[in-house]
Amino acid sequence: MTRRLAQVAKKVGVSEATVSRVLNGKPGVSRATRQSVLTALDVLGYERPTQLRGERARLVGLVLPELQNPIFPAFAEVIGGALAQQGLTPVLCTQTKGGVSEADYVDLLLQQQVSGVVFAGGLFAQADEAHEHYHRLAERRIPVVLINAPIEGLDFPCASCDDAVAIERAWRHLASLGHERIGVVMGPSDHVPSRRKLAAARSVASATGGELTEAHVERSMFSLEGGQAAASRLLERGVTGIICASDPLALGAVRAARRRGLGVPSDVSVVGYDDSAFMNCTDPPLTTIRQPIEAMGRAAVELLCAGIQGGSLPPDELLFEPELVVRGSTAQAPR
């Protein structure tokens, strides 16, 4: 007990006597200090005293599908900073192969009595995956905000990049450069954002007098290697422009072109999606769609805080405007 008091006191920057007063429900401690002590208990993994367990912690789960794709650490930085400004402490939950599952993370967060959860990507974006753990959060009335895809049947608020606008801009950019054989590399078939991107690609292809055939559509896991394999198949079919559903997929497409002795952008133009870190430093610098992660992340935190404070949250999806960033991986179609 003494060790616990000392650790919590050090974490908060108060005396052990103050921590003791909070744990025993004694008066004479400010509301802010009391809340800081309870949050420190949660962060350090200590159980709250029985009489205090009914209160939710000032902790917020921040669930990410991975950290290898630079876009997710970027979202974590924005969301974590915005949460801290609201006096909330983010608990980062990152999935790894063979590690803790998303459903297990949800159970752990519920045990910690978190105030809310932000999912910046995850199983909710895959229509065929199990979604029971999201329903558990809804049943417990835990405020939840999603990034980039809603869950059918659950009215969680969502902040998304407008996929339809993004793909239309990428497609029209390649078409303006004279590309007629344009292919796309999307995520798995049940990936909701990829479905929306594909629908947008078909629509803009038709609107510009062309057609996106199945032969020019490839699906892949979200990795550089997956992008390379998918793009290789498209290049075999003679495409000269490739639009990818993420920047790592696009970097894989650049590698695929080079392995076939093709130049980027002299023979093949490649467009990514996200504008994650260092895409202006690649060779060639990557033309890509920029997600407005700062605006999206801050909006997600505002929605979450409204839910934590008991306000009614709109079940609508907030769509944020993307930006086409033209760099060196796109050029006129070869003649």
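Please read these numbers as outputs of a predicted model, since none were measured by experiment.

(A) Quick look at the nonpolar core. Of all hydrophobic cores here, the largest spans 65 residues; its most connected members are W171, V184, I242 and I243. At eight residues, the largest contribution of residues to this core is made by helix 11 (residues 293–308). Excluding residues that lie within four positions of it along the chain, I242 makes contacts with L174, G183, V185, A231, L234, L235, A253, V268, S269, V270 and V271. F119, L154, C158 and V192 belong to the second largest nonpolar core, which has 24 residues in total.

(B) Spatial organisation of the pattern of salt bridges. Applying the stated criterion across every chain yields a total of 15 salt bridges. Residue K197 pairs with D163 through a salt bridge whose shortest N-O separation is 3.0 Å. Linking K197 in helix 8 (residues 192–207) with D163 in helix 7 (residues 163–176), this pair joins segments that are 34 residues apart in sequence. Note on D163: relative accessible area 5%, which makes it buried. Close ionic contact of R290 with E323 constitutes a salt bridge, the shortest N to O distance being 3.3 Å. Residue R290 is found in strand 10 (residues 287–290), and its partner E323 is found in strand 12 (residues 323–325); the two are separated by 33 residues along the sequence. According to the relative accessible area criterion, R290 is partly exposed, its value standing at 32%. Residue E323 is classed as partly exposed on the basis of its relative accessible area, which comes to 41%.

(C) Expanded view of the sheet that holds strand 8 (residues 241–244). The strand order across the open sheet built from six strands is 7-6-8-9-10-12, with neighbouring strands paired in mixed fashion. Bordering the open sheet on either side are strand 7 (217–219) and strand 12, each of which pairs with just one other strand. Taken pair by pair, the neighbouring strands of this sheet meet at an average axis angle of 20°, ignoring direction. Pairing analysis gives three bridges linking strand 8 to strand 9 (residues 269–274), with the strands arranged parallel. For I243, the partnering residue across the bridge sits in strand 9 and is V271. Of the strands in this sheet, strand 6 (182–186), strand 7 and strand 9 are in contact with helix 8, which crosses strand 6 at around 170°.

(D) Inspection of helix 3 (residues 31–44) at higher detail. The end-to-end C-alpha distance of helix 3 is 20 Å, a good match for the 20 Å that 14 residues give at a rise of 1.5 Å each. Along helix 3, the residues that are buried comprise Q35, V37, L38, T39, A40, L41 and D42. Taken together, the buried residues of helix 3 touch helix 1 (2–12), helix 2 (16–23), strand 1 (59–64) and strand 2 (89–94). Just beyond helix 3, the residue with positive phi is G45, at close to 85°.

(E) Fine view of the packing of aromatic side chains. Overall, the coordinates contain three aromatic pairs when judged by the stated rule. Taken together, the ring pairs in this structure connect F119, F124 and Y134 into an aromatic cluster. Above the plane of the ring of Y273 lies K197, whose end atom (NZ or CZ) is 4.1 Å from the centre.

(F) Region of the structure containing the packing of helix 9 (residues 224–236) against helix 10 (residues 247–259). Orientation of helix 9 relative to helix 10, taken along the N-to-C sense of each, is 50°, at an axis distance of 7 Å. As judged from the angle between their axes, helix 9 and helix 10 are oblique. As helix 9 runs across helix 10, the sense of the crossing is right-handed. On helix 10, the residues that touch L224, G226, G227, Q228, A231, S232 and L235 of helix 9 are P248, L249, L251, G252, A253, R255, A256, A257 and R259. Its residues placed into classes, the contact of helix 9 with helix 10 shows nine nonpolar, five polar and two charged.

Quick notes on the rules
Counting from 1, residues in each chain are numbered in the order their sequence is written. Only residues with pLDDT of at least 70 get local features here, since the model is predicted, and only at 80 or more are side-chain atom pairs given and counted; chain-wide, interface and lining totals rely on the full set of residues. Side-chain numbers here rest on the full set of heavy atoms in the structure, without hydrogens or water. Nonpolar core, defined: a set of buried Ala, Val, Leu, Ile, Met, Phe, Trp, Tyr and Cys residues in which side-chain atoms within 4.5 Å join the residues together. Residue exposure (1.4 Å probe, protein chains only): buried if accessible area is under 20% of the type maximum, exposed if over 50%, otherwise partly exposed. Runs of E in the DSSP output that reach at least two residues are strands. Runs of H or I that reach at least four are helices, and both are numbered from the N terminus. It only takes one pair of heavy atoms within 4.5 Å for two residues to be counted as in contact. In what follows, salt bridge is the name for a side-chain nitrogen of Lys or Arg lying within 4 Å of a carboxyl oxygen of Asp or Glu. Two strands pair under a simple rule: DSSP has to find at least two bridges between them. Every axis in this analysis is a line fitted to C-alpha atoms, fitted for helices over the stretch in contact. Angles between the N-to-C directions lie between 0 and 180 degrees. What a helix should span is 1.5 Å times the count of its residues minus one. Here is the rule: rings of Phe, Tyr and Trp (six-membered ring for Trp) pair when centre to centre is within 6.5 Å. Planes less than 30 degrees apart are stacked, more than 60 are edge-to-face, and the remainder are tilted. In this scheme, Lys NZ or Arg CZ marks a charge over a ring once it lies within 6 Å of the ring centre and within 35 degrees of the ring normal. Throughout, the term roughly parallel applies to angles under 35 degrees, roughly antiparallel to angles over 145, roughly perpendicular to angles from 65 to 115, and oblique to all others. Helix crossings get a hand from a simple test, with the near helix turned counterclockwise from the far one by less than a right angle marking a left-handed crossing and a clockwise turn marking a right-handed one. Note on residue categories: nonpolar means Ala, Val, Leu, Ile, Met, Phe, Trp, Tyr, Cys or Pro, charged means Asp, Glu, Lys or Arg, and polar means any other residue, Gly included.

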